[in-house]
Structure formats: structure tokens, C-alpha cells
Amino acid sequence: MSNTPKKFALSKLSLSRLDGVDPQLVKVVKRAIEITQQDFLVVEGVRSKIQCYINYGKGRTAVQCTVKGVPALYAQPKLPRVTWLNNPLSSKHVTGKAVDLVPYPVDWNDLAKFDQVAKAVFAAAKELGVSIRWGADWDNDGNYREKGEYDSPHFEL
Ligand SMILES: [Zn+2]
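Residues numbered from 1 in each chain as written. Predicted model: local features only at pLDDT ≥ 70, side-chain atom pairs only at ≥ 80, totals over all residues.

Student: Now, about the overall build of the chain: what can you tell me, with residues and values included?
Tutor: Counting its regular elements, the chain contains five helices and four strands. In sequence order, the secondary structure elements of the chain are arranged as α-α-β-α-α-β-α-β-β. The C-alpha atoms of the chain give 17 Å as radius of gyration, which agrees with the globular expectation for 157 residues (15 Å, within 12%). Over its C-alpha atoms, taken along the principal directions, the chain stretches across nearly 60 × 30 × 25 Å. Here the chain holds 157 residues, and the buried ones make up 25% of them. Contacts spanning at least 24 positions in sequence make up 59% of the contacts within the chain whose residues lie at least 6 apart. (Helix = DSSP H or I, 4+ residues; strand = E, 2+ residues; numbered from the N terminus. Rg over C-alpha atoms; globule rule 2.2 N^0.38 Å. Buried ≥ 20, exposed ≤ 12 C-beta atoms within 10 Å, placed from the backbone. Contact = placed C-beta atoms within 7 Å.)

Student: Lay out the pairing of strand β2 (residues 98-103) in plain terms, naming residues and giving numbers.
Tutor: Two elements, strand β1 (residues 40-44) and β2, share four bridges in a ladder whose sense is antiparallel. What sits directly across from Phe40, in β2, is Pro103. Pairing of β2 with strand β4 (residues 154-156) involves three bridges; the strand directions are antiparallel. Across the sheet, Ala98 pairs through a bridge with Glu156, a residue of β4. (Pairing = 2+ DSSP bridges.)

Student: Tell me about helix α2 (residues 23-35), and name the residues and values.
Tutor: The end-to-end C-alpha distance of α2, which contains 13 residues, comes to 19 Å, matching closely the 18 Å that a straight helix rising 1.5 Å per residue would cover. When we look at burial in α2, the residues that qualify are Leu25, Val28, Val29, Ala32 and Ile33. Axial view of α2: buried residues confined to an arc of 130°, hence all on one face. Turning to α2, the residues buried within the fold contact β1, β2 and α5 (111-128). (Expected span 1.5 Å × (residues − 1). Arc of directions from axis to C-beta.)

Student: Can you lay out the nonpolar core for me, pointing to particular residues and giving the numbers?
Tutor: Ranked by internal contacts, the top residues of the largest apolar core, which has 21 residues, are Val28, Val29, Ala32, Val99, Val117, Val121 and Phe155. Looking at this core, the elements with two or more residues in it are α2, β1, β2 and α5. When residues no more than four places from it in sequence are discounted, the contact partners of Phe155 are Ala98, Val99, Leu101, Val121, Ile132 and Trp134. Listed in part, the five residues of the second largest apolar core include Cys52, Tyr56, Cys65 and Ala75. (Core = buried A, V, L, I, M, F, W, Y, C linked by C-beta atoms within 7 Å.)

Student: Describe unusual backbone geometry, listing the residues and the values that go with them.
Tutor: The linkage connecting Tyr104 with the following residue, Pro105, adopts the cis geometry, with an omega of -5°. At Asn140, a position not held by glycine, the phi torsion is positive, near 55°. By the element assignment, Asn140 lies in the loop between β3 (133-134) and β4. Judged by C-beta crowding, with 11 C-beta atoms within 10 Å, Asn140 ranks as exposed. Even without glycine at this site, Arg145 takes up a positive phi of about 60°. Relative to the elements of secondary structure, Arg145 occurs in the loop between β3 and β4. Judged by C-beta crowding, with 15 C-beta atoms within 10 Å, Arg145 ranks as partly exposed.

Structure (C-alpha cells):
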């Protein structure tokens with residue numbers, strides 16, 4: 001039965017995380033789950049300003065935060081840095097034009113599974129005529145995870 005296509009569906013939690021996301025991107029995600037060979041979860045859609053501040057504060061001092069307009073209370077200099085955005089609020093998640101998808105069952109180290117998810121997302125996007133960028137291939141040159149391309153779960157319009 002190895003040729004039988006696998007059937008997956010978005011969980012209620014994944015669907016709830018698509019609330020407020022750009023309808024074009026929602027369509028792509030919903031089509032991707034129908035055609036993917038690798039199940040996945042939506043871990044983030046729209047990101048609040050507060051969540052951006054929390055992310056920006058990780059790995060930064062109070063001074064580094066305040067110069068960028070992030071309140072000092074979000075500074076957590078001892079934690080590993082999670083974002084390299086120049087403007088803490090410029091993430092496409094803020095405007096609902098990005099989603100983060102991770103393979104299910106979740107294994108952050110199995111990059112081949114992220115590639116499988118990306119394959120489904122790009123196939124769905126092509127079918128629907130939507131143009132998508134992937135965080136593991138920002139310049140869309142087909143060479144994954146070059147310098148600066150470390151965001152394997154991230155897809156944006
Ligand atoms: Zn993202």
C-alpha cells in the first residue's frame with residue numbers, strides 16, 4: 001500500500017491559528033495539507049505586538065531593546081536570541097502575511113521533514129497562483145539554508 005497517498009487534515013488548534021491570516025495564505029495552507037506527504041501543524045499565524053516585543057527581548061539588554069522602541073521590561077539578555085529583524089515589528093506575522101508550519105510529529109532536527117512540508121506548500125501555491133517565500137530559501141534559488149536562511153517553519157506572501 002506504499003503508493004496510497006496519505007490523508008491529513010488541519011487540527012482545530014492549527015485552524016484556530018489561521019484566524020486573521022491573509023485569505024490567500026490560508027488557501028495555500030489548506031490546499032497544502034490535502035496534498036502533503038508529511039503531516040504538519042500551524043504553530044503561529046498572526047503575531048501580536050506584545051509577542052514581537054517578547055521575541056525581540058530574548059538575547060538583548062534593556063538598552064538594546066529601548067533603542068528599537070521595545071519596552072525595557074521585555075529584555076531577557078541571558079536567553080538565546082530568536083530574531084534578527086532590524087525593526088522588531090516588521091515581521092510579516094504582524095500583518096497576517098506569514099505562517100509558521102512544523103512537521104508532525106514535531107522534530108525540530110529532522111530538516112528533511114520541513115523540506116517535505118515546503119514541497120507541499122509550494123505545490124499548493126503554484127496551483128493557486130500565489131507567490132510564497134520560505135524562510136529556508138529567502139532568495140528562492142533552490143539552495144536551502146544558506147547563510148541567514150534558518151527559518152524552516154516560516155512561509156510568507
Ligand atoms: Zn515565521
